[in-house]
Amino acid sequence: MVRADMECKESQDKLSAYADGELDASAMAQLAQHLAQCPDCARACEQLFALRVAVKQHAVGHAAPAFLQQRLRQALQEEAQEKRQVKKPLRGRKWAQLPWAWINFGVASASTAALAVTLALYLSVPSDAERLDQEIVASHFRSLMPNHLADVASSDQHTVKPWFSGKLDFSPPVVDLAQEGFPLIGGRLDYINARPVAALAYRRHQHVLNLYVWPDGAQRDAPPRLAVRQGYHLLRWSRSGMHYQLISDLNVAELMDFERQLTVQIDKESVP
């Protein structure tokens, strides 16, 4: 009993990192296994994801104020001016004997260190693409929990596609690739990149592929780009006004084959 309580506490302590996709693949798999066996922790995880969705849907975003950038620039300028100032004579024999070369070196080092810290903090902020990848990884792991892979479980694209009608402000392309070795499992609603999206689940042998689809704001085609996050391959591309994000533990060749087969079928079905 004590051991079970400790496992629950350790698991719940990791839920925030789990939701943000910050755990490594081994820790994520271990936590997912615990969530599949522990209703209490699974419920806590669901509440956390529900809170995240609610915040994304209703929270008000604000741009960083311009005065903050001005304060940083001013601070750096003041440091630079201090280094250029003519050194004032100091009173007392002890101060007069200090080696000014070392003092200048110390001031320069402190300024350089301050700039390095500022730059490190700036560079440590994840890019939009990295944040999106983190959301995709977290959603993929969440989908692997029992009964979370599909809201509508069907291999029939003519069943899955109409299910999205009225639930999204766009019509996602739904293709069954069973003949190409990627049978459709079903579809579900998800919330990625601050908007509702269509999530389509496919299978390749014992591997699950999650394909996320939403309208592409840029409205221009982009070739597939590969990323690796926490042991998973992610493929993203844009085509015909839609943005696609694909994730799986499949090898790159099979993921690229899925993208090609999907594109061929979508193009065929779009021809009147």
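Procedures and definitions
Residues numbered from 1 in each chain as written. Predicted model: local features only at pLDDT ≥ 70, side-chain atom pairs only at ≥ 80, totals over all residues. Heavy atoms only, no water. Phe/Tyr/Trp six-rings, centres within 6.5 Å; stacked < 30°, edge-to-face > 60°. Buried < 20%, exposed > 50% of the residue type's maximum accessible area, 1.4 Å probe, protein only. Lys NZ or Arg CZ within 6 Å of the ring centre and 35° of its normal. Pairing = 2+ DSSP bridges. Helix = DSSP H or I, 4+ residues; strand = E, 2+ residues; numbered from the N terminus. Contact = heavy atoms within 4.5 Å. Axes fitted to C-alpha atoms, helices over the stretch in contact; angles between N-to-C directions. Core = buried A, V, L, I, M, F, W, Y, C linked by side-chain atoms within 4.5 Å. Salt bridge = Lys/Arg side-chain N within 4 Å of Asp/Glu carboxyl O. pLDDT = per-residue confidence, 0-100. Polar contact = N/O pair within 3.5 Å; in protein donor to acceptor, adjacent residues only side chain to side chain. Expected span 1.5 Å × (residues − 1).

**Q** Just to check I follow, could you spell out the packing of aromatic side chains for this structure?
**A** One pass over the full model with this rule turns up five aromatic pairs. With a centroid separation of 5.2 Å and an interplanar angle of 80 degrees, the aromatic rings of tryptophan 163 and phenylalanine 164 are classed as edge-to-face. Overall, the relative accessible area of 1% leaves phenylalanine 164 in the buried class. A ring pair is formed by tryptophan 237 and tyrosine 244, whose centres lie 5.2 Å apart and whose planes are at 10 degrees; its orientation type is stacked. This pair shows no difference in class: tryptophan 237 is buried, exactly as tyrosine 244 is. One residue, lysine 167, lies across the ring of tryptophan 163, its end atom 4.5 Å from the ring centre. When the ring centre of phenylalanine 182 is taken as reference, the NZ or CZ atom of arginine 204 above it lies at 4.6 Å.

**Q** When you look at the sheet that holds strand 1 (residues 152-153) in this model, what are you seeing that I'm missing?
**A** Within a sheet, each strand pairs with its neighbour through backbone hydrogen bonds, oriented either parallel or antiparallel. Within the open sheet, the seven strands sit side by side as 1-2-3-4-7-6-5. Their pairing is antiparallel. In the strand order of this sheet, the two ends are held by strand 1 and strand 5 (222-229), each with one partner. Inspection of the sheet shows strand 5 paired to strand 6 (residues 232-239) by six bridges, in the antiparallel sense. From the neighbouring strand, alanine 227 faces strand 6, where its bridge partner is leucine 234. Running at roughly 130 degrees to strand 2 (residues 184-192), helix 8 (residues 128-143) makes contact with strand 2, strand 4 (207-215), strand 5, strand 6 and strand 7 (242-248) of the sheet.

**Q** What is the right way to look at the nonpolar core in this model?
**A** In globular proteins that are soluble, nonpolar side chains generally tend to be buried together. Within the largest apolar cluster, 49 residues are counted, with the highest numbers of intra-cluster contacts made by Tyr18, Tyr202, Leu211, Phe258 and Leu262. Once you skip the residues sitting within four places of it in the chain, leucine 211 turns out to touch Ala198, Ala199, Leu200, Tyr202, Trp237, Tyr244, Gln245, Leu246, Phe258 and Leu262.

**Q** It is not clear to me how the pairing of strand 4 should be interpreted in this structure. Could you clarify?
**A** Side-chain positions along a regular strand alternate between the two faces of the sheet. Across the nine residues that make up strand 4, a large majority, seven, are buried. The pairing of strand 3 (residues 195-204) with strand 4 spans seven bridges and is classified as antiparallel. For alanine 198, the partnering residue across the bridge sits in strand 4 and is valine 213. Linking strand 3 to strand 4, which pair antiparallel, is a turn of two residues; within it histidine 205 sits at a positive phi near 55 degrees.

**Q** I tried to follow the pattern of salt bridges on my own but got confused; where do I start?
**A** Two side chains that carry opposite charge are able to pair once their charged atoms sit near each other. Taken as a whole and assessed by the stated rule, the structure comprises nine salt bridges. Between arginine 195 and aspartate 169 there is a salt bridge, with the nearest N and O atoms lying 2.6 Å from each other. With arginine 195 in strand 3 and aspartate 169 in the loop between helix 9 (157-163) and strand 2, this residue pair connects regions lying 26 residues apart in the sequence. Its relative accessible area of 64% is what places aspartate 169 among the exposed residues. One salt bridge in this structure joins arginine 188 and aspartate 190, with 3.7 Å as the shortest N-O distance. Classification of aspartate 190 as buried rests on a relative accessible area of 11%.

**Q** What's the story with the confidence of the model for the protein in this structure? I'm lost.
**A** Note: predicted coordinates in regions of low pLDDT should not be interpreted at a detailed level. Looking at the protein as a whole, the pLDDT averages 79, with 72% of positions reaching at least 70. The least confident element of the protein, judged by mean pLDDT, is helix 6 (residues 93-96) at 50; the most confident is strand 4 at 96.

**Q** How should unusual backbone geometry be read in this particular structure?
**A** The phi torsion of most residues other than glycine is negative, and most of the peptide bonds are trans. For asparagine 147, which is not a glycine, the phi torsion comes out positive at approximately 65 degrees. In this fold, asparagine 147 is placed in the loop between helix 8 and strand 1. Positive phi is not limited to glycine here, since alanine 194 has a value of about 65 degrees. Its location among the elements puts alanine 194 in the loop between strand 2 and strand 3.

**Q** What's the story with the environment of serine 11 in this structure? I'm lost.
**A** The residue serine 11 is located in helix 1 (residues 2-13) in this model. Taking C-alpha positions, serine 11 is 8.2 Å from leucine 35, a pair spaced 24 residues apart along the chain. If sequence neighbours within four positions are ignored, serine 11 has contacts with Leu31, His34 and Cys41. At 2.8 Å, the side chain of serine 11 forms a polar contact with the backbone oxygen of glutamate 7.

**Q** How should I be thinking about the side chain of arginine 236 in this particular structure?
**A** Its place among the elements puts arginine 236 in strand 6. For arginine 236, a relative accessible area of 18% gives the class buried. Dropping the residues within four chain positions of it, arginine 236 is found in contact with Ala129, Asp133, Pro223, Pro224, Arg225, Ala227, His243, Tyr244 and Gln245.

**Q** Looking at this model, I keep getting lost on helix 8. Mind explaining?
**A** Given 3.6 residues per helical turn, the α-helix brings residues three or four places apart onto the same face. With 16 residues, helix 8 ought to run about 22 Å at 1.5 Å a step, and its terminal C-alpha atoms sit 22 Å apart, in line with that. For helix 8, the set of buried residues is Leu132, Asp133, Glu135, Ile136, Val137, Ala138, Ser139, His140, Phe141, Arg142 and Ser143.

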